[in-house]
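Observations on chain architecture
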Amino acid sequence: MPEMSQAEQAAGPTILDWLAEPATDRGLHFADTVGDGWTFVSYARLAALVARAAGRLREAGVKPGEAVPLVCPTSPAFVAGFFGALALGATPCPVAPPVAYRDPAAYVRHLSRVVELVDARVVVTTAAGAAVVPLRGVTVLTNVDTEHPGPERFEPAPPTAVVQFSSGSTGPQRGVQVSMAAMSANIAAIRSWLSYTEDDAMVSWLPLHHDMGLVGALLMPMTAGTDVWMLQPEQFLRSPARWLSPFRSGATTSVAPTFGLAHLVRRARVADLRGLDLRTWRSLVVGAEPVRGEVLDAFTHLLAPYGFEPETLLPAYGLAEATLAVTGTRSGRGRRVRILPGTLAPGQPVQVTDDTSVGVELVGSGEPLPGVQVRLLGPTGAPVPDGAAGEIEVRGCTVATGYLADDGPGRFDGVVRTGDVGFRRDGNLFVVGRLGDSTKQFGRWLFAEELESVAVARSPRPTRTVVLLGGDAEGAAVVAMVEDDLGDSAAAIGGALANRVTPARVRVYSAPEGWIARTTSGKPQRREMWRRLVSGDTTVTLRWDSLEPGATGS
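Residues numbered from 1 in each chain as written. Predicted model: local features only at pLDDT ≥ 70, side-chain atom pairs only at ≥ 80, totals over all residues. Heavy atoms only, no water.

This part covers empty space enclosed by the protein. What the rule picks out here adds up to two cavities of 30 Å³ or more. Here the second largest cavity is characterised by a volume of approximately 50 Å³. Around the second largest cavity sit Gly-328, Thr-329, Arg-330, Arg-333, Gly-366, Glu-367 and Asn-428, which together line it. Residue composition of the lining of the second largest cavity, by class: no nonpolar, four polar and three charged. (1 Å grid on protein atoms, 1.4 Å probe; cavity = no way out; pocket = protein on both sides within 12 Å on 5 of 7 lines; lining within 4 Å. Points joined across faces, edges and corners; volume = space filled by probe spheres on them. Nonpolar A, V, L, I, M, F, W, Y, C, P; charged D, E, K, R; others polar.)

Below you can see the structure in the form of structure tokens.
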């Protein structure tokens, strides 16, 4: 291993610290692409691969302060490239691999935009990735972890630990600069929240270009020096029960969005679960998208016979602009409330009800993590009291530096207004939706996420159902899009929505498979879908309209 410079040793704890004394008996377990086995790569072996990558990057001309895009799947090559860039004082910039995009041309535009934003001269990818990364004017490095002499010593850690790209659910993806100090603070806060120690072990299938997968499932456990089992997202989608197999070997912790839990519930067979023992599983962080109570219940019901406890579920809230985690539920302290639709006017009290026929259930996302402060702001920007709806503002040492210079308002200076709406009750943050995914009607605020739970509950394809909000000649409009022919379900979905939003117009459409646009992290791109709809998309079919004679609520 190359020696660390005196400046680096004096800089304080960083995500590079594991390189100083890498363990030989712990490391990362990568799911094999053939069969159900796992390939173990020790921290000592990974450190050697990092040195090789650093050598290749230096030979390619990478200098301290530069950004290095990484177009790699979950693999030793990703880890080598990520830490190899940091070892040279450069900043890694994980980018979604081509498999995350349906349109190859759109992917090339996205990658070209990333390269332009970070002013990259070198892109790291795999041999397979190089075939679909036709970039001019940059050096494309493949297989950076192959045999190559490393530098004699590493450079000091760069001020910027990573450039993360936001999900793009409300517009173009934005490059978020996360400082080394913010990264270290957020990782420390997550470890404190989860009581994550060297006796724990992580398992994850989340993509490493996403903040939850990178920070929560890779960098956090690596700073603790623990074992990590890693699948590629496609492997999980094909065989979701494989996610659970590492708990036979002592895994204790995992992270996942709600749709991942729902996918396992839908696809897992009894034979897949036979022999499982989940009694060691003590933390499952659920976040990255709205958390649905019925999915948590179904997941718990499925796995309870194998030792899974409901207290293991830890709903959370976070975003790339705050590095990752902002709030989190502590074991046994999960909260749910049922709210009246239309009572979410910013600055006004949210009305809670026990009536399941009209209320919408929300799952609490817990309390702020150490070093993080959360405020709810009303329309004037002033804080609102507990129980009132407001825009979520995050402050503290884990807030990122800001957006790239020409891609947003610039520096955050320790404060970020998220654009998300929520309220606080009994110390718990409840996230309702985004300001960009809402509309106001007769003094009531309607949120897409809130209404989507109503549509999903009645849809034959829950994971292929979205709700869009906008306006037409009749005023506010609510649209449910389902990738299914629907049949009688169209009236059930439309009627239930109409009961909650009358007199807003409600329409239900069936759409072809693949019509729903999502970000690389799985979030619906509602604005893009609304634009396509109002532009006269002929691939969708109107199945129910509240303005048609005979249309009734249910």
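This is not the end of the story, as more comes after the structure.
The next subject is the sheet that holds strand β22 (residues 402-403). Where strands meet in a sheet, backbone hydrogen bonds hold them as pairs that are either parallel or antiparallel. Judged by pairing direction, the sheet is antiparallel, and its three strands sit side by side in the order β9-β10-β22 without closing on themselves. Across the chains shown, the open sheet's two edge strands, defined by having one partner strand only, are β9 (160-165) and β22. Across two bridges, strand β10 (residues 175-179) lies against β22 in antiparallel orientation. Opposite Val-176, over in β22, you have Tyr-403 as the bridge partner. Across the face of the sheet, helix α6 (residues 180-194) comes into contact with β9 and β10 while running at roughly 75° to β10. (Pairing = 2+ DSSP bridges. Helix = DSSP H or I, 4+ residues; strand = E, 2+ residues; numbered from the N terminus. Contact = heavy atoms within 4.5 Å. Axes fitted to C-alpha atoms, helices over the stretch in contact; angles between N-to-C directions.)

As a further point, take the packing of aromatic side chains. For the structure on display, the rule yields 16 aromatic pairs. On the numbers, 6.1 Å between centres and 40° between planes, the contact of Trp-243 with Phe-299 is tilted. Of this pair, Trp-243 sits in the loop between α8 (233-238) and β13 (253-256) while Phe-299 sits in helix α11 (residues 293-303), and the two are 56 residues apart along the sequence. Comparing Trp-243 with Phe-299, the two get one shared label, buried. Through a chain of ring-to-ring contacts, the aromatic side chains of Trp-205, Phe-236, Trp-243, Phe-247, Phe-259, Trp-281, Phe-299 and Phe-308 assemble into a single cluster. (Phe/Tyr/Trp six-rings, centres within 6.5 Å; stacked < 30°, edge-to-face > 60°. Buried < 20%, exposed > 50% of the residue type's maximum accessible area, 1.4 Å probe, protein only.)

A few words now on the layout of surface pockets. Any empty space left between the atoms is revealed when a probe the size of a water molecule rolls over them. As a volume, the second largest pocket reaches approximately 240 Å³. If you trace the second largest pocket, you find 14 residues lining it, with Asp-36, Ser-239, Ala-241, Arg-242 and Asp-272 closest to the centre. Looking at side-chain class alone, the lining of the second largest pocket contains five nonpolar, two polar and seven charged residues.

Assignment of secondary structure puts Ser-489 in helix α13 (residues 489-501). A residue is classified by how much of its surface remains accessible, and Ser-489, at 18% relative accessible area, is buried. Among residues more than four places away in sequence, those in contact with Ser-489 are Arg-458 and Pro-460.

A word on the pattern of salt bridges. Counted under the stated rule, the structure contains 20 salt bridges. The salt bridge involving Arg-279 is made with Asp-277; its shortest N-O contact spans 2.7 Å. One salt bridge in this structure joins Arg-417 and Glu-391, with 2.8 Å as the shortest N-O distance. One end of the pair, Arg-417, is in strand β23 (residues 415-425); the other, Glu-391, is in strand β21 (residues 390-396), with 26 residues separating them in the sequence. Residue classification places Arg-417 among the partly exposed residues on the basis of a relative accessible area of 45%. Through salt bridges with shared partners, one network takes in Arg-461, Arg-464, Glu-483, Asp-484 and Glu-513. (Salt bridge = Lys/Arg side-chain N within 4 Å of Asp/Glu carboxyl O.)

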